[in-house]
Amino acid sequence: ILALGLNEGSYGAEVVRGAIQGVPKGQKEAADEAREVATKLRSIVGDLRLPILDDLGVGPALDWLVLRIEKLAGGEVRLERADDTRHSPDVELAIFRVAQEALANAVKHGRPPIVVRYRSTPAGISLAIDDAGPGIADDAPESAERAGRFGLLNMAQRAEQIGAILDIRRWPAGGTHVALEWRPR
């Protein structure tokens, strides 16, 4: 099924589904598992380069991401955005990937409400993500890298690639604040 590139909505998938009706139970389970893997792969590949990011920019891509993340967060995830200006595709991709990682961390380590603030003007871009969890540990970057988790490092590298400032810290009362500021060179 994967090799043929068939998806659930195609005629070929109907033929395959019909053909496996007479297949023993173990093989049906294997076919079901293959379909599930194919669905997950399509999702992952779609996330590699989002057409919405290329076509409409970071703001609409963040709308899409927040809707997806809210389903996983178990509570409110809110986006406040003002995007008057588009910037270069490399800058927009880096900003989006930092937001994506910060939101994944907020879901995994923090808790709702999660607030994303995004502003894009001719003078630059500001991005902030705040959650209401316990807050990031002081040694998080070092301990994460030792444990083979590279999300914080990836965010720092993406910010550095575009000449942005990335600040990640714990609020005194708890919760994590991730802020990125970028100005055109």
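This text follows the structure it describes.
Reading the values: the criteria
Residues numbered from 1 in each chain as written. Predicted model: local features only at pLDDT ≥ 70, side-chain atom pairs only at ≥ 80, totals over all residues. Heavy atoms only, no water. Helix = DSSP H or I, 4+ residues; strand = E, 2+ residues; numbered from the N terminus. Contact = heavy atoms within 4.5 Å. Pairing = 2+ DSSP bridges. Right-handed = clockwise from strand over helix to strand, strands pointing away. Axes fitted to C-alpha atoms, helices over the stretch in contact; angles between N-to-C directions. Expected span 1.5 Å × (residues − 1). Buried < 20%, exposed > 50% of the residue type's maximum accessible area, 1.4 Å probe, protein only. 1 Å grid on protein atoms, 1.4 Å probe; cavity = no way out; pocket = protein on both sides within 12 Å on 5 of 7 lines; lining within 4 Å. Points joined across faces, edges and corners; volume = space filled by probe spheres on them. Core = buried A, V, L, I, M, F, W, Y, C linked by side-chain atoms within 4.5 Å. Salt bridge = Lys/Arg side-chain N within 4 Å of Asp/Glu carboxyl O. Patch = residues over 30% accessible without salt bridge, like charges linked within 9 Å, V, L, I, M, F, W, Y side chains within 5 Å. Areas by Shrake-Rupley, 256 points an atom, 1.4 Å probe, with all protein chains shown as cover. Lys, Arg positive; Asp, Glu negative; His and termini not counted. Charge placed at Lys NZ, Arg CZ, Asp CG, Glu CD.

Right, let's get into the overall build of the protein chain. Secondary structure summary: the protein chain contains seven helices and five strands in total. Ordered by position from N to C terminus, the α and β elements of the protein chain give α-α-α-α-β-α-β-β-α-α-β-β. The contacts of the protein chain with a sequence gap of at least 6 include a subset with a gap of at least 24, amounting to 61%.

The next point concerns the pairing of strand β1 (residues 77-83). Direction of pairing for β1 relative to strand β2 (residues 114-121): parallel, over a ladder of seven bridges. Bridge pairing in β2 places Asp83 opposite Ser120. The parallel pair β1 and β2, bridged by helix α5 (residues 89-109), forms a crossover whose chirality is left-handed.

A few words now on the sheet that holds strand β3 (residues 124-130). Taking strand neighbours across the sheet as the criterion, the five strands line up as β1-β2-β3-β5-β4 in an open arrangement whose pairing is mixed. The open sheet has two edge strands, β1 and β4 (165-170), and neither has a second partner. With strand direction ignored, the average angle separating the axes of adjacent strands in the sheet is 5°. Sitting on the sheet, α5 is in contact with β1, β2, β3, β4 and β5 (176-182), with an inclination near 10° to β3. Its contacts with the sheet place helix α7 (residues 151-162) against β4 and β5, and it is angled at close to 150° to β4.

Helix length check: α5, at 21 residues, gives a terminal C-alpha distance of 30 Å against a target of 30 Å (1.5 Å per residue), a fit within 8%. Three or more residues of α5 are buried, namely Val91, Glu92, Leu93, Ala94, Ile95, Phe96, Arg97, Val98, Ala99, Ala102, Leu103 and Ala106.

Of the voids in this model, the largest pocket is the one considered here, and its volume is about 410 Å³. For the largest pocket, the lining is made up of 23 residues, of which Asn105, His109, Ile136, Ala140 and Leu152 are closest to its centre. Breaking the lining of the largest pocket down by element, the ones donating at least two residues are α5, α6 (140-146), α7 and β5. Ranked by the residues each element gives to the lining of the largest pocket, the list is headed by α5, at six residues.

As a further point, take the nonpolar core. Grouped together as the largest cluster of nonpolar side chains are 37 residues, with contacts concentrated most on Leu62, Ile95, Leu103, Tyr118, Leu127, Ile129 and Leu180. At the level of secondary structure, the elements contributing two or more residues to this core comprise α4 (58-73), β1, α5, β2, β3, α7 and β5. Sorting elements by how many residues they give to this core places α5 first, with ten residues. Not counting residues up to four positions away in its chain, the partners in contact with Ile95 are Val58, Tyr118, Ile125, Leu127, Ile162 and Leu180.

The next subject is the side chain of His87. Following the sequence through the fold, His87 ends up in the loop between β1 and α5. A relative accessible area of 13% places His87 in the buried class.

What follows concerns unusual backbone geometry. The omega torsion of the bond from Pro112 to Pro113 falls at 0°, within 30 degrees of zero and hence cis. Relative to the helices and strands, Pro113 is located in the loop between α5 and β2.

All right, on to the pattern of salt bridges then. Where charged atoms from two side chains of opposite charge approach closely, those side chains can pair. Summed over the entire model, instances satisfying the criterion amount to nine salt bridges. A salt bridge links Glu80 to Arg117; its shortest N-O distance comes to 3.3 Å. Taken as a pair, Glu80 in strand β1 and Arg117 in strand β2 lie far apart in primary sequence, 37 residues in all. A relative accessible area of 35% means that Arg117 is categorised as partly exposed. Taken together, the shared-partner salt bridges in this structure form one network comprising Glu76, Arg78, Glu80, Arg117 and Asp130.

This paragraph deals with a negative patch on the surface. Taken together, the side chains of Asp138, Asp139, Glu142 and Glu145 make up a negatively charged region of the molecular surface. Structurally, Asp139 can be placed in the loop between β3 and α6. Here Asp139 falls in the partly exposed class, since its relative accessible area comes to 41%.

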